[in-house]
Each structure stands twice: as structure tokens, then as C-alpha cells.
Amino acid sequence: MTLEARNISHAVSDFILLGFSCRWEIQIFLFSTFFVTYILTLLGNLAIMCAVRWDHRLHTPMYILLANFSFLEICYVNSDVPNMLANLLSKNKTISFARCLLQLYFFFSLGTTECLFLSIMAYDRFLAICRPLHYPTVMTTKFCSSLIIFCWVYGFIWFLIPVIRITQLPFCGPNVIDDFLCDLSPLLALASACVPIPGTVLICGTMSSLLIFATFFYIIGSYTLVLRAVMEVPSAAGQKKALSTCSSHLTVVFLFYGSVMMTYVSPGSGQAESMQKFTTLFYSVLTPLFNPMIYSLRNKEMKDALKKVLGGS
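Quick caveat: nothing in here was measured; it's all calculated off a predicted structure.

**Focus on the overall build of the chain**
- Per the secondary structure count, the chain includes 13 helices and three strands.
- Taken over the C-alpha trace, the chain has a radius of gyration of 21 Å; the compact-globule value for 313 residues is 20 Å, and the two agree within 12%.
- Principal-axis analysis of the C-alpha atoms gives the chain an extent of 65 × 40 × 30 Å.
- Here the chain holds 313 residues, and 50% of them are scored as buried.
- Counting only contacts in the chain whose residues sit at least 6 apart along the sequence, the fraction spanning at least 24 positions is 81%.
- For the chain, the exposed surface amounts to about 14600 Å²; the carbon and sulfur share of it is 70%.
- If you average the places of the 20 positive and of the 15 negative side-chain charges in the chain, the two averages end up 10 Å apart.

**A short note on helix α3 (residues 61-78)**
- Between its first and last C-alpha, α3 extends 26 Å over 18 residues, near the 26 Å set by a 1.5 Å rise per residue.
- α3 sits mainly inside the fold: 13 of its 18 residues count as buried.

**Digging into the packing of aromatic side chains**
- Inspection of the entire model under this criterion finds 27 aromatic pairs.
- Ring centres of Phe15 and Phe97 lie 5.8 Å apart, and the angle between their planes is 25°; on these two criteria the pair is classed as stacked. Here Phe97 lies in helix α5 (residues 97-130) and Phe15 lies in strand β1 (residues 14-17), a separation of 82 residues in the sequence.
- The class for Phe97 is buried, based on a relative accessible area of 16%.
- Taking the centre distance of 6.2 Å and the plane angle of 75° together, the rings of Phe107 and Phe108 count as edge-to-face.
- Against the face of Trp24 rests Lys91, its NZ or CZ located 4.4 Å from the ring centre.

Here is what the cut-offs are and how they apply
The written sequence of each chain sets the order in which its residues are numbered from 1. Under the rules for a predicted model, residues below a pLDDT of 70 receive no local features and side-chain atom pairs below 80 are neither given nor counted, while totals for whole chains, interfaces and linings still include all residues. Side-chain descriptors were evaluated using all non-hydrogen atoms of the structure, hydrogens and water having been removed beforehand. Put simply, DSSP H or I for four residues or longer makes a helix, DSSP E for two residues or longer makes a strand, and each gets a number counted from the N terminus. What the globule rule says is 2.2 Å times the number of residues to the power 0.38, and the radius of gyration is computed from C-alpha atoms. Partly exposed describes any residue whose relative accessible area lies between the buried limit of under 20% and the exposed limit of over 50%, with all areas from a 1.4 Å probe on protein chains only and scaled to the type maximum. Should any heavy atoms of two residues lie within 4.5 Å, those residues are counted as being in contact. Areas reported here follow the Shrake-Rupley algorithm with a probe of radius 1.4 Å; residue values treat only the protein chains shown as occluding. In this tally Asp and Glu are treated as negative and Lys and Arg as positive; neither His nor the chain ends contributes. Charged groups are reduced to one reference atom each: NZ for lysine, CZ for arginine, CG for aspartic acid, CD for glutamic acid. Multiplying 1.5 Å by the residue count of a helix minus one yields the expected span of that helix. Ring geometry is summarised as follows: Phe, Tyr and Trp rings, the Trp one being its six-membered ring, pair when their centres sit within 6.5 Å, and such pairs are stacked at plane angles under 30 degrees, edge-to-face over 60 and tilted between the two. Each ring is checked for a lysine NZ or an arginine CZ that lies within 6 Å of its centre and within 35 degrees of its normal; such an atom marks a charge sitting over the ring.

Pasting the structure below:
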């Protein structure tokens, strides 16, 4: 990129996040709804973390992964919801260029980490059900910890290049983002209004698609093998327990990936703003709320542990 383009990129010092453009009364209603959702999300995921921490029966790889996944969900909602709540009550909808890019980086990095976590949770279930004799020797505490560290480190490395490319784009004047967070597609649209940016769009689209489809098909392949193995279990009770665990994981996978694919497979493709807001809202705000309910309602051990935690509280 030329020096001129680099200088132009500093023409925009802040962005305007329109969020949900509606009457003040409706914004107050939305604030109340999202605030309650935010608090319930924090409490639900925190309850799962405490249950795994305090119940020694849950000190197994599956539940350790689930506790770390709940911690990830807490981080994920904190990357966008507090700013969205503040915007709903504020007349000033601006966010600085640096804060906007920082939010983009953390939002995408945590989303990447979630894709990787869902993949290793599928791998854990594959080992436990399809290779039960090898499971204790393969999925040790040390190996499980290594997988968790890999997810966090790789998750925050994967989108470094796209974010660095976006920081160098020539934002020459238009600075209104019709969204409630600094998302990829609106930023690419603003930059493309100044100069053509096919290279950056290609890199962002390729890396998004590669991550989403690679992890999704790995998860689906793993659970296909798991379901085949479950069908061969002679015990009806054993089948029911395995299917209950797997169905919880698959429900979370389809909720998350369904909305993510609609948003990020073709960034900058001109998707309707209202649809993009809804899909982004679904996987970034609602899915973290649903996860604790999905994992606890269909899991007897988790329900028992949560009853002890809540009863003790």
C-alpha cells in the first residue's frame, strides 16, 4: 500500500455505531431486555464453571472443556454487549478508530476460539464413545490442558493478518456503521467506498470460510462416527446417555454455525443490514445465553451439580 493510502486511513478518527435506530421508548425496552439477557448469560455460565470447580465428579475432560467453554462465553459477550448497552442509552454513538479495531479483533478472536473449542469438544466425545479403551490414556489432564491452551493461542493468532490489513485501509470519510458493533462487513463496505479493496475482501473471506467450514465439517464428521458407534451399543440406557450428551453439543453447534455462516462466509457482499444485525445478535448475544440451559437440561450430572451449587448459595 502506498504512503498516500496510509495517510488517508487516518482521515477517520472515529465511527458512528447506529445500533438499533428506533424511538427512545423502544431503545429503553431493548436496553432492559438485553441487560437481563446479559446478566442471565453471565450467571448461567458462571454457575457451570462453579459446578465443575466444586463437584469432584465433574473433574473429567468433558466437563473441564465445558467449564472453559463457559468462561469463553463470558468473555465473548463482554466483547460487544456492554458497549451495545451503553450505546442504547447514549445520544453520542461514536466509538474511536482504535477502540473499534480493538473490538473487532477481540470479537473475531473469541469467535475463532469458540469454533476451535467446539471442535475439541467433538473430538473428546469421539474418543470417549468410539475409542473408550484408549480414552483414559489419550485424553489425560495434561493433553486436555494443551488443547485448551492451543484454542486460546491459535484463536487470537488466526485473525491478526485480516485485522492488520483493515487498520491499513483508506477510510477517507464515511464513518457510519449501521450495526451495534464494529463488525467486518460494515468496515469493509466503508473502506471500499474510498478505493477498491479486492485483496483485503478476498483474504478476510477466505480466512473466515476456511475456519468456519473446516471446523464445522470436522465436528459433523466426528459426530457422524459417534452416532454410528452409539447405534451399535447394546444397552438402551447407554444409547440414551450418549445421545443426550451428543445432542446437547450438536444443538449448540447448529445454533452457532448456522448464524455465523450467514454472516461471515461472504464479508462485504452487501447482505441486508437488518438481517446481519439479527444474525450477529443471535450468535453473539443469544447463543451464549442458551448454552448453559442446553448443556444442563440434558445432562443429569450437570443438573445435580448445579442443584448443589444453587442450593449451597
